[in-house]
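Survey of secondary and tertiary structure
Here are the chains, one letter per residue:
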Amino acid sequence: KVTDPTAWGALTTGAYCYYNNDSATYAATYGKLYNWYAVNDPRGLAPAGWHIPSDAEWATLETCLGGASVAGGEMKETGTIHWQSPNTGATNSSGFTGLPGGYRYDVVYSDVGYSGLWWSSTMISGQVASALQLRFDNGDLFTFGQSKTSGLSVRCLRD
């Protein structure tokens, strides 16, 4: 668990935190935010029999849900208890129940209620790994490169 922003930004080993370093407010709903080094740690972040999905596995889910332009809505929790209005396209027909846990980048915590971001196990380059995002204002599933020092959510997939 790393709360210091200077230490967090300099890490090349696995770490986690809670949004705004506030476990009392955010842990029960959104869980932890992990840097990508935790995802790739040889000790294994996922429990036995599970793993962090690769880009190819996320793409399979996206395809099964009808493509990037609708998959996000099918993955988001419905309503506006956790998501900001309008929570466009949210049906949760996939059962994924994606929540808007936001992210951490060094000293900045942002987007809780507005977006959920999850790591992929796929590395893009030395400082960048692949991530996925769901947003409150559309039903898309976005895939993009993110700095490995960012704090994002993790979803495990059964082996």
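Reading the values: rules and limits
- Residues numbered from 1 in each chain as written.
- Predicted model: local features only at pLDDT ≥ 70, side-chain atom pairs only at ≥ 80, totals over all residues.
- Heavy atoms only, no water.
- Phe/Tyr/Trp six-rings, centres within 6.5 Å; stacked < 30°, edge-to-face > 60°.
- Helix = DSSP H or I, 4+ residues; strand = E, 2+ residues; numbered from the N terminus.
- Buried < 20%, exposed > 50% of the residue type's maximum accessible area, 1.4 Å probe, protein only.
- Lys NZ or Arg CZ within 6 Å of the ring centre and 35° of its normal.
- Contact = heavy atoms within 4.5 Å.
- Pairing = 2+ DSSP bridges.
- Disulfide = S-S within 2.5 Å.
- Patch = residues over 30% accessible without salt bridge, like charges linked within 9 Å, V, L, I, M, F, W, Y side chains within 5 Å.
- Areas by Shrake-Rupley, 256 points an atom, 1.4 Å probe, with all protein chains shown as cover.
- Salt bridge = Lys/Arg side-chain N within 4 Å of Asp/Glu carboxyl O.

1. Structural notes on the packing of aromatic side chains
If you walk through the whole model with that rule in mind, you get nine aromatic pairs. Here the aromatic rings of tryptophan 58 and phenylalanine 96 are separated by 6.0 Å at their centres, their planes lie at 65°, and the arrangement is edge-to-face. Here tryptophan 58, found in helix 4 (residues 55–64), pairs with phenylalanine 96, found in the loop between helix 5 (68–75) and strand 4 (101–105); they are 38 residues apart in sequence, far enough to count as distant. The buried category is assigned to tryptophan 58, whose relative accessible area is 5%. Residues tyrosine 114 and phenylalanine 136 carry aromatic rings whose centres are separated by 5.1 Å and whose planes lie at 85° to one another, so their mutual orientation is edge-to-face. With tyrosine 114 in the loop between strand 5 (108–112) and strand 6 (115–123) and phenylalanine 136 in the loop between strand 7 (128–135) and strand 8 (142–147), this pair connects stretches of sequence that are 22 residues apart. For tyrosine 114, a relative accessible area of 36% puts it in the partly exposed group. The class for phenylalanine 136 is buried, based on a relative accessible area of 17%. Among the aromatic side chains, those forming a connected cluster through ring pairs are Tyr19, Tyr26, Tyr30 and Tyr109. One Lys or Arg, lysine 32, reaches over the ring of tyrosine 16 and ends 4.2 Å from the middle of that ring.

2. Description of the side chain of serine 115
When you line up the elements, serine 115 lands in strand 6. Beyond its immediate sequence surroundings of up to four residues, serine 115 is in contact with Trp83, Pro100, Gly101, Gly102, Gln133, Leu134 and Arg135.

3. So, the pairing of strand 8
Inspection of the sheet shows strand 7 paired to strand 8 by six bridges, in the antiparallel sense. In the strand pairing of strand 8, glutamine 133 is matched with phenylalanine 142. In this antiparallel pair of consecutive strands, strand 7 and strand 8, the connection spans six residues.

4. Examining the pairing of strand 7
The element strand 7 is extensively covered by neighbouring structure, given that six of its eight residues are classed as buried. Pairing of strand 6 with strand 7, which is carried by six bridges, proceeds in the antiparallel orientation. Residue pairing across strands places glycine 116 opposite leucine 134, the latter belonging to strand 7. Once strand 6 ends, the chain turns through four residues before running back antiparallel as strand 7.

5. Comments concerning the state of the cysteines
In the structure shown here, the tally under the stated rule is zero disulfides. Cysteine 17 takes part in no disulfide bond, and the closest cysteine sulfur to it belongs to cysteine 156, at a distance of 17 Å.

6. Considerations on a nonpolar patch on the surface
A cluster of nonpolar side chains, Tyr105, Val107 and Val108, forms an exposed patch at the surface whose accessible area comes to about 270 Å². With respect to the helices and strands, tyrosine 105 occurs in strand 4. Residue class for tyrosine 105 comes out partly exposed when judged on its relative accessible area of 38%.

7. A look at the pattern of salt bridges
Counting across every chain of the model gives two salt bridges. The shortest N-O distance in the salt bridge between arginine 43 and aspartate 41 comes to 2.7 Å. Where aspartate 137 meets arginine 135, a salt bridge forms, and the shortest distance between an N and an O atom there is 2.8 Å. Aspartate 137 sits in the partly exposed class, given a relative accessible area of 33%.

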